[in-house]
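Residues per chain, in single letters:
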Protein chains: 2
Amino acid sequence: MRINIIGIGNVGSHLSRALQEAGHEVTEVRARSASSGEGAPDGSSKGVLSEADLCIISVKDAFLEETARRFIPLCPNALWVHTAGTMDIDVLSGKGASAIGVFYPMQTFSKEREVNFRDIAIFLECPDEACRAMLERLARSLTEKVYWLSSTQRRHLHVAAVFGCNFVNHCYALCEDVLKGIGLPFDVMLPLIDETARKVHQLSPRQAQTGPAVRGDDNVRTAQWQLLAGNPLRQTIYDLMSESIQRTHKEAGQETAH
Amino acid sequence: MRINIIGIGNVGSHLSRALQEAGHEVTEVRARSASSGEGAPDGSSKGVLSEADLCIISVKDAFLEETARRFIPLCPNALWVHTAGTMDIDVLSGKGASAIGVFYPMQTFSKEREVNFRDIAIFLECPDEACRAMLERLARSLTEKVYWLSSTQRRHLHVAAVFGCNFVNHCYALCEDVLKGIGLPFDVMLPLIDETARKVHQLSPRQAQTGPAVRGDDNVRTAQWQLLAGNPLRQTIYDLMSESIQRTHKEAGQETAH
């Protein structure tokens, strides 16, 4: 398949590499936005865009509409998709594309990390029947985990990913800060972090919950809250997470592991 | 070494198995507390406790002092230690033991999961010089990751573990709830969860942070916050975690992966 990728940030660059490895012909196009203060769109947007079956826009959500407006007219006969979890498919509509869709690979992409697309779930949306087959073929050339979702469902999925990935990682960051305070390297926590992730392959997160909050150990909760004095935001986070753990388990009325 | 383990909950039972596999002679002792409403201590506390070099108390923090008071006089010549992250070593003092200490294996223990102690860091405390060597030998018979910490340091360590494990797992639970709402199984999130944990083996959590908050994508933040309407506690958690991510990255003034 001939593919233009507009936007070569973390998602775009990993996706480009994976698609090329899967045998597709990929043209990478920078998509700097004038309004981002990072300079005007480069040469390829001034009337030149390679012929392609599919064009993938992979830019910051805030620049998605502007990028679509500028680039779609340069290759209107292609199927145009974006890679954003939270953006509606409609952000691409009314800009002259013959067909539009969404191609959302759910993963945490960093420049420093290789990512194996076989491990990634890809979530698709495409109202055009003919293009659906093409989009699914493309996704399946990268991974077996392919799902069709509406824009509304995908918005919820993205919230789930923020909890399951972004907030998890921030918990790691808060953990690292506390360890620094007692002169311990973050590495001491890695076995615990790994086991916490491995556990939920076997148990549901509710079953896997351990710690003072789920045990109802209010003495420890109070003592730990006090240790975070000096950082009211972290104290509040500690409180609310503990509260939410207890409420979740009360609602579930389940036996939990302690 | 001859060891009595008083309390055979999640920590005690896993520890007992590991110590036996390492060749130690272990006697397991139930330690039900009268004040817990779970019945009085059983037979072994009525004046009978095997002779031992070491006695390990592994009960809920709230019952630690009571358990120590009842059981220490039954075997006063042993070194007595507890396994609690947040409890001071002094909870064991003044109860007649010839020596006291702490033996805190930092892991999330559930009955359903085998745990490899080789992967676990053990944190020790013991003011008695002669017993320090014995305690370190014991810990090293289970794992190479052995650290000496004061009670104060260990209290902070336990807060770090709550962030790095308990709160992380609760983020998984919140994630699962959101997925349920759109009819998706928790499994779709596992590749992302695994990669999130793997990343911090290579990058610091700050470098590894991705998502709307660290990107400063306030449109997405607002939209996702609105999707959580109907659950004010989760909305507040969403807000505070996002705020904390942004503040952490402003303080660090670091380049972050997006």
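Here, every reference points to the structure presented above.
Bear in mind the structure is a predicted one, so any value in this text is a computation, not a measurement.

Draft legend 1. Quick peek at the sheet that holds strand S4 (residues 79–82) of chain A. All names here are of chain A. The strand order across the open sheet formed by seven strands is S2-S1-S3-S4-S5-S6-S7, and the pairing between neighbours is mixed. With one partner strand each, in any of the chains shown, strand S2 (25–29) and strand S7 (146–148) form the two edges of the open sheet. Geometrically, the sheet is characterised by an average inter-axis angle of 25 degrees between neighbouring strands, direction not taken into account. One ladder, built from three bridges, connects strand S6 (residues 121–125) with S7; its direction is parallel. Residue pairing in the sheet places Leu-124 in a bridge with Trp-148 of S7.

Draft legend 2. Expanded view of the relation of the copies chain B and chain A. Once chain B is rotated about the relating axis by 180 degrees and shifted along it by 0.0 Å, it coincides with chain A to within an RMSD of 0.0 Å. Such a combination of rotation and displacement between the chain copies is what one expects of a two-fold axis. Nearest to the rotation axis, the C-alpha of Val-168 of chain B is located 2.5 Å from it, this being the minimum over chain B. Both copies share a contact surface, since 99% of the interface residues of chain B are interface residues in chain A too.

Draft legend 3. Spotlight on the sheet that holds strand S3 (residues 54–57) of chain B. Residue and element names in this part refer to chain B. The sheet built from seven strands is open, its strands ordered S2-S1-S3-S4-S5-S6-S7 with mixed pairing. Where the open sheet ends on each side, the last strands, each with one partner, are strand S2 (25–29) and strand S7 (146–148). Going across the sheet, the axis of each strand differs from the next one's by a mean of 25 degrees, ignoring polarity. Direction of pairing for strand S4 (residues 79–82) relative to strand S5 (residues 99–106): parallel, over a ladder of four bridges. Across the sheet, residue Val-81 finds its bridge partner in S5, namely Gly-101.

So, how was this worked out
- Residues numbered from 1 in each chain as written.
- Chains lettered and ligands numbered in written order.
- Predicted model: local features only at pLDDT ≥ 70, side-chain atom pairs only at ≥ 80, totals over all residues.
- Heavy atoms only, no water.
- Pairing = 2+ DSSP bridges.
- Helix = DSSP H or I, 4+ residues; strand = E, 2+ residues; numbered from the N terminus.
- Axes fitted to C-alpha atoms, helices over the stretch in contact; angles between N-to-C directions.
- Least-squares fit on C-alpha atoms with pLDDT ≥ 70 in both.
- Contact = heavy atoms within 4.5 Å.

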